[in-house]
Structures are given as structure tokens and as C-alpha cells.
Amino acid sequence: MVDERIRVVIAKPGLDGHDRGAKVVARALRDAGMEVVYTGLHQTPEQIVETVVQEDADAVGLSVLSGAHMTLFTRLTELLRERGVDDVVVFGGGIIPEEDVPELRRIGVAGVFTPGATTTDIVDWVRAHVGESAEA
């Protein structure tokens, strides 16, 4: 069995320009041995999905602080389905009200990290969930 590194796209969709958290998570995943592509600020869901496809990513994480998480995650998961991408683990974090988490899970967001989550929690979660999807 080939030991391949986990490939993760970290994206900052929408107009929110605060990307410190996204950069911290990207660095933590990289330091944990994963290949990480950070898309930069102001990405559309279309641009993010294109990056996921081009990079053959195993996971995509969105950082949303603007309050547009329902719209952005919904569009991203719709686009992934339209492209036939069903093997990429979708997760995200930011300022996301607890009452929105069940709906995010319903549309295909496997993990949601809110303020207080540690980088260790996120790294461990990505390792566990990408491993699950690869084995399924």
C-alpha cells in the first residue's frame, strides 16, 4: 500500500478579509505532514471547487466569519456534486451558530469547528475522516 500524504485545500470564500484562522489551520495541517493549498482571500465557491478538482484534494476546509456560511457551504457542496466529486471531505470553521450545524451536516459538511477548537483537534479530525472516506 502506498503511503500518500493527505491533500487539503483551505479556502476563504466570500468578501470577508480576515484570514488569520485559515492560515493557522493551513500551517497546522502542513506541519502535521499534509499537503496544503491555501487559496487566499475572496474566493468564490466555483473557484474553490476548481482548485479542489485540479489539486486532486482529499479534503476542503472553508473559513467563514461573515455570516454567509449557509449560502457558501450550500453552493460549494452543490458544485462538488455537480462535478461528480463525492470523495472529498468537506469541513469548515469560523463564526457559525450551533443551531446551523445540523443543517450544514445535512448538506454534506462533515465537520464544523468554531472558536475554541484547537489545531490538534482539527488535525486529528482531518486524519480520521479522510482515512474513513479512503477506506469506504
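An unreviewed UniProt entry annotates the chain as Methylmalonyl-CoA mutase C-terminal domain/subunit originating from Blastococcus xanthinilyticus. Here is the UniProt Cofactor (unreviewed entry) comment for the chain, exactly as written: "adenosylcob(III)alamin".

This part covers the overall build of the chain. Secondary structure summary: the chain contains 5 helices and 5 strands in total. N-terminal to C-terminal, the α/β element order of the chain is β-α-β-α-β-α-β-α-β-α. For 136 residues, the compact-globule formula gives about 14 Å, and the C-alpha radius of gyration of the chain, at 13 Å, lands near that figure. Viewed in the frame of its principal axes, the chain has a C-alpha envelope of about 40 × 30 × 25 Å. Taken across its 136 residues, the chain has 44% of its residues classed as buried. Counting contacts in the chain only where the partners sit at least 6 residues apart, residues at least 24 apart contribute 70% of the total. If you sum the accessible surface of the chain, you get close to 7400 Å²; carbon and sulfur atoms cover 50% of it. Treating the 13 positive side-chain charges of the chain as one cloud and the 23 negative ones as another, the clouds have centres 6 Å apart.

In this section: the packing of helix H2 (residues 45-54) against helix H3 (residues 69-82). It is at 9 Å that the axes of H2 and H3 come closest, and there the two elements cross at 45°. Accordingly, the angle class assigned to the pair H2 and H3 is oblique. Where H2 crosses over H3, the handedness of that crossing is right-handed. Here H2 contributes Pro45, Glu46, Ile48, Val49 and Val52 to the contact with H3, which in turn contributes Leu72, Arg75, Leu76, Leu79 and Leu80. Split into classes, the residues belonging to the contact of H2 with H3 amount to 8 nonpolar, no polar and 2 charged.

What follows deals with the pairing of strand S3 (residues 59-64). Counting buried residues along S3, 6 of its 6 residues qualify, which places the element largely inside the surrounding structure. Residues Ala59, Gly61 and Ser63 of S3 are buried on one face, and the alternating residues Val60, Leu62 and Val64, pointing to the opposite face, are buried as well. Examined bridge by bridge, strand S1 (residues 7-11) and S3 share 4 bridges and lie parallel to one another. The partner of Ile10 across the bridge, within S3, is Gly61. The pairing of S3 with strand S4 (residues 89-94) spans 6 bridges and is classified as parallel. By the bridge assignment, Ser63 is partnered in S4 with Gly93. Since S3 and S4 lie parallel, the crossover through H3 that links them has a hand, and here it is right-handed.

Across soluble globular proteins, nonpolar side chains have a tendency to be buried as a group. By size, the foremost hydrophobic cluster in this structure holds 23 residues, and its most contacted members are Val52, Val60, Leu62, Phe73 and Leu76. Those elements that provide at least two residues to this core are S1, H2, S3, H3 and helix H4 (101-106). No other element matches the 5 residues that H3 contributes to this core. Excluding residues that lie within four positions of it along the chain, Val52 makes contacts with Val9, Ala57, Val60, Leu80 and Val88. Formed by 18 residues, the second largest nonpolar core is a distinct cluster that contains Ile6, Met34, Val123 and Trp125.

Rules used in this analysis
Residues numbered from 1 in each chain as written. Predicted model: local features only at pLDDT ≥ 70, side-chain atom pairs only at ≥ 80, totals over all residues. Heavy atoms only, no water. UniProt positions renumbered as here; feature names shortened; annotations may be inferred. Helix = DSSP H or I, 4+ residues; strand = E, 2+ residues; numbered from the N terminus. Rg over C-alpha atoms; globule rule 2.2 N^0.38 Å. Buried < 20%, exposed > 50% of the residue type's maximum accessible area, 1.4 Å probe, protein only. Contact = heavy atoms within 4.5 Å. Areas by Shrake-Rupley, 256 points an atom, 1.4 Å probe, with all protein chains shown as cover. Lys, Arg positive; Asp, Glu negative; His and termini not counted. Charge placed at Lys NZ, Arg CZ, Asp CG, Glu CD. Axes fitted to C-alpha atoms, helices over the stretch in contact; angles between N-to-C directions. Parallel < 35°, antiparallel > 145°, perpendicular 65-115°, else oblique. Left-handed = near helix turned anticlockwise from the far one by under 90°. Nonpolar A, V, L, I, M, F, W, Y, C, P; charged D, E, K, R; others polar. Pairing = 2+ DSSP bridges. Right-handed = clockwise from strand over helix to strand, strands pointing away. Core = buried A, V, L, I, M, F, W, Y, C linked by side-chain atoms within 4.5 Å.

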